Amino acid sequence: MKKLWGGRFSKTTDQLVEDFHSSISFDQRLYKEDIEGSIAHARMLGAQGIISEEESHLIINGLSELLDEIAAGKVEFDQKSEDIHMNIESLLTDKIGDAGKKLHTGRSRNDQVALDVRLNLLREMEEIQDLLRALMEALLTVAEKNVQTVLPGYTHLQRAQPINFAHHMMAYFEMFYRDYQRLLDTAKRTSVSPLGSGAMAGTTFPLDRERVKEELGMQEISRNSLDAVSDRDFIIEFTSFASITMMHLSRLSEEIIFWSSQEAAFIELDDAYSTGSSIMPQKKNPDVAELVRGKTGRVYGNLMQILTVMKGLPLAYNKDMQEDKESLFDTVDTLKKCLLVYAPMLTTMRIREDNMLDAAKKGYTNATDLADYLVYKGLPFRDAHEVSGKLVAYGIAEGKELDQMTMSEFKSFSEMIEEDIYQAIDVRTCVEKRDLPGATGFTKTKEAIIEAKIIIESL
Ligand code: ARG
């Protein structure tokens with residue numbers, strides 16, 4: 001079969017090269033956007049009188065038919081046609097004859113591929129937006145049911161202070177809300193039409209770039225043709241966003257894995273969202289969370305890959321850039337799968353409130369509150385810290401928690417401690433009293449949930 005670019009060649013391409021440089025196996029994923037972009041281009045060529053209106057209609061109808069045929073699985077792509085752009089152009093010319101040969105007037109595959117990937121990614125971003133919103137809603141659902149659920153908060157994975165589980169869930173809400181905003185911001189810079197940049201210098205034909213942009217629903221036209229055909233920042237930004245989102249999912253996964261261990265036993269994952277062992281009959285494993293944690297590495301790898309592909313490239317287009325697609329598609333697919341499975345895993349997990357509360361009561365998580373109690377009684381904080389620390393050391397030696405100590409034990413450390421200490425160091429009081437904006441107090445958590453619902457509604 002004759003190459004669309006065959007004119008200056010006297011030999012056929014070696015089969016090894018054919019296999020090596022062809023991208024149709026993966027860029028066929030762009031067929032919709034490729035046709036969409038070509039339709040907008042052809043309509044504009046007709047309106048500008050660069051081709052006749054009749055030719056423009058022939059092309060548009062031919063492309064629309066092709067779109068249906070490809071969607072119905074009736075089209076087999078040809079590896080010799082290299083990529084999706086040339087496959088579609090050849091198929092179009094087979095279908096409608098000579099008019100098909102005019103489609104590429106004033107266009108290059110360099111501006112064409114940049115457009116296709118942008119349009120495709122914008123579409124995927126909308127789906128990812130929905131998935132992120134669903135995940136944020138799932139976190140809110142769990143939070144709403146667990147405002148009164150007290151568990152230990154950790155620093156250094158050592159029990160630190162009591163918090164409520166809703167507050168913990170809402171911390172992740174914040175992270176995914178930031179991710180959501182990052183995604184929207186990236187979308188702005190992705191919604192730029194490069195068509196009209198040609199191979200790299202622009203084109204001699206009187207194209208109407210604005211019209212094409214409008215038809216494609218994009219926000220801007222690119223301002224520099226060299227940049228337009230060689231910019232892949234939007235892919236790097238998206239993959240960075242995806243990496244950060246995966247990092248957040250991975251952190252939550254780590255917690256879920258810990259919480260569902262027998263050592264913590266804070267949650268039990270639903271049977272539908274966990275798996276067993278082929279040898280150990282008793283096992284119920286948090287595989288979903290582990291796989292998400294594992295797939296995070298894969299998305300980071302994709303980020304490193306595209307950064308490295310781009311780092312040495314002079315202006316403008318270089319074939320290296322064909323390597324932008326597989327990792328991008330992999331990132332999109334991986335992130336979507338992870339987000340999709342995560343929300344129902346969260347909403348179906350069983351919260352083992354009693355175990356959480358038991359853990360919160362052990363490990364001296366109320367030692368800060370004991371110190372604070374003494375501060376309210378008039379002791380400087382540093383001295384109060386010292387008294388509380390000594391009580392903890394005594395407790396560890398005696399095998400007693402702070403709330404198990406007698407009044408005379410307390411008094412032997414500080415005369416300032418009175419009967420009201422028991423109320424002050426109750427773990428529920430410890431949560432309750434943290435009543436500043438952003439803190440774990442029950443009332444403040446409820447307010448935070450209301451605020452988060454307003455945020456969700458605005459997305
Ligand atoms: N398949 C190519 C890619 O993905 C399309 C652009 C080819 N342009 C060229 N001048 N070879 O990058």
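Use the structure listed above.
This report concerns the structure included in the present document. The model shown is predicted, which means the values in this text are computed figures rather than measured ones.

## Quick notes on the overall build of the protein chain
Then step 1. Scanning the protein chain for helices and strands turns up 19 helices and 6 strands.
Then step 2. Since a compact globule built from 459 residues should have a radius of gyration of about 23 Å, the 31 Å found for the protein chain marks it as more spread out than a globular shape.
Then step 3. Once the C-alpha set of the protein chain is aligned to its principal axes, its extents read approximately 100 × 50 × 40 Å.
Then step 4. Counting the 459 residues in the protein chain, one finds 50% classified as buried.
Then step 5. Within the protein chain, residue pairs in contact and separated by at least 24 positions form 76% of the contacts whose partners lie at least 6 positions apart.

## Re the pattern of salt bridges
Then step 1. For the structure on display, the rule yields 39 salt bridges.
Then step 2. Taking the shortest distance from any N to any O, the salt bridge between Arg118 and Asp231 comes out at 2.9 Å. Here Arg118, found in helix α6 (residues 109-145), pairs with Asp231, found in the loop between α9 (225-230) and α10 (233-259); they are 113 residues apart in sequence, far enough to count as distant. Of the two residues, Arg118 and Asp231, both sit in the buried class.

## So, the side chain of Thr296
Then step 1. Considering the arrangement of structural elements, one finds Thr296 in helix α11 (residues 287-310).
Then step 2. Residue Thr296 is classed as buried on the basis of its relative accessible area, which comes to 4%.
Then step 3. Polar contacts involving the side chain of Thr296 include one to the main-chain carbonyl oxygen of Val292, which spans 2.9 Å.
Then step 4. In contact with Thr296, not counting residues within four places along its chain, are Met246, Met247 and Ser250.

## Re the pairing of strand β1 (residues 150-155)
Then step 1. Judged from the 6 bridges that link them, β1 and strand β2 (residues 158-164) form a sheet pairing that is antiparallel. Directly across from Thr155, in β2, lies its bridge partner Gln158.

## Let's talk about the environment of Glu127
Then step 1. As for its placement among the helices and strands, Glu127 is situated in helix α6.
Then step 2. Exposure remark for Glu127: the relative accessible area of 41% places this residue in the partly exposed category.
Then step 3. In this structure, the C-alpha to C-alpha distance between Glu127 and Lys336, residues 209 residues apart in sequence, is 8.1 Å.

## A word on empty space enclosed by the protein
Then step 1. All told, the structure shown has 2 cavities of 30 Å³ or more when counted by the stated rule.
Then step 2. The wall of the second largest cavity is formed by His41, Met44, Leu195, Gly196, Leu207, Asp208, Arg209 and Val212.
Then step 3. When residues of the lining of the second largest cavity are traced back to their parent elements, those giving at least two are α3 (31-47) and α8 (209-215).

## A word on unusual backbone geometry
Apart from glycine, the bulk of residues carry a negative phi angle, and the bulk of peptide bonds sit in the trans form.
Then step 1. A cis amide bond links Leu315 with the next residue in sequence, Ala316, at an omega value of 0°.
Then step 2. Looking at the element boundaries, Ala316 is found in the loop between α11 and α12 (325-348).
Then step 3. At Leu157, a residue that is not glycine, the phi angle is positive and equals roughly 55°.
Then step 4. Note on placement: Leu157 falls in the loop between β1 and β2.
Then step 5. One non-glycine residue, Ala265, lies in positive phi territory at about 50°.
Then step 6. Structurally, Ala265 can be placed in the loop between α10 and β5 (267-268).
Then step 7. When its relative accessible area of 13% is taken as the criterion, Ala265 is described as buried.

## Some thoughts on the site of the ligand
Then step 1. Residues in contact with the ligand, as listed here, are Ser23, Asp83, His85, Arg109, Asn110, Val113, Tyr317, Gln322 and Lys325.
Then step 2. The side chain of Asn110 places a nitrogen or oxygen atom 2.9 Å from a nitrogen atom of the ligand.
Then step 3. The contact in question runs from a nitrogen atom of the ligand to an N or O atom on the side chain of Gln322, over 2.8 Å.
Then step 4. Contact with the protein chains hides 87% of the accessible area of the ligand, taken as 340 Å² for the molecule alone.
Then step 5. When residues of the shell around the ligand are assigned to their parent elements, the largest contribution, 3 residues, is made by α6.
Then step 6. Within the shell around the ligand, the residues separate by chemical class into 2 nonpolar, 4 polar and 3 charged.

## Looking at the packing of aromatic side chains
Then step 1. Here the structure, examined in full by the defined rule, presents 7 aromatic pairs.
Then step 2. Residues Trp5 and Phe9 carry aromatic rings whose centres are separated by 4.9 Å and whose planes lie at 55° to one another, so their mutual orientation is tilted.
Then step 3. Classification of Trp5 as partly exposed rests on a relative accessible area of 27%.
Then step 4. Classification of Phe9 by relative accessible area gives partly exposed; the value is 47%.
Then step 5. With a centroid separation of 5.6 Å and an interplanar angle of 45°, the aromatic rings of Phe238 and Phe241 are classed as tilted. Here the residue Phe238 and the residue Phe241 both occupy positions in helix α10, the gap between them amounting to 3 residues, near one helical turn. With respect to class, Phe238 is no different from Phe241; both count as buried.

## Points about the packing of α3 against α6
How two helices sit against one another is set out by the angle between their axes and by the gap between those axes.
Then step 1. The interhelical angle for the contact between α3 and α6, taken along N-to-C directions, is 120°, at an axis separation of 9 Å. One way to sum up the angle between α3 and α6 is to call them oblique. Here α3 runs over α6; the crossing is right-handed. Each of Lys32, Glu33, Asp34, Glu36, Gly37 and Ser38 in α3 lies in contact with α6, whose residues at this interface are Gln112, Leu115, Asp116, Leu119, Asn120 and Arg123.
Then step 2. In terms of residue class, the contact of α3 with α6 is made up of 2 nonpolar, 4 polar and 6 charged.

Parameters and conventions
Residues numbered from 1 in each chain as written. Predicted model: local features only at pLDDT ≥ 70, side-chain atom pairs only at ≥ 80, totals over all residues. Heavy atoms only, no water. Helix = DSSP H or I, 4+ residues; strand = E, 2+ residues; numbered from the N terminus. Rg over C-alpha atoms; globule rule 2.2 N^0.38 Å. Buried < 20%, exposed > 50% of the residue type's maximum accessible area, 1.4 Å probe, protein only. Contact = heavy atoms within 4.5 Å. Salt bridge = Lys/Arg side-chain N within 4 Å of Asp/Glu carboxyl O. Polar contact = N/O pair within 3.5 Å; in protein donor to acceptor, adjacent residues only side chain to side chain. Pairing = 2+ DSSP bridges. 1 Å grid on protein atoms, 1.4 Å probe; cavity = no way out; pocket = protein on both sides within 12 Å on 5 of 7 lines; lining within 4 Å. Points joined across faces, edges and corners; volume = space filled by probe spheres on them. Near = heavy atom within 4 Å. Areas by Shrake-Rupley, 256 points an atom, 1.4 Å probe, with all protein chains shown as cover. Nonpolar A, V, L, I, M, F, W, Y, C, P; charged D, E, K, R; others polar. Phe/Tyr/Trp six-rings, centres within 6.5 Å; stacked < 30°, edge-to-face > 60°. Axes fitted to C-alpha atoms, helices over the stretch in contact; angles between N-to-C directions. Parallel < 35°, antiparallel > 145°, perpendicular 65-115°, else oblique. Left-handed = near helix turned anticlockwise from the far one by under 90°.

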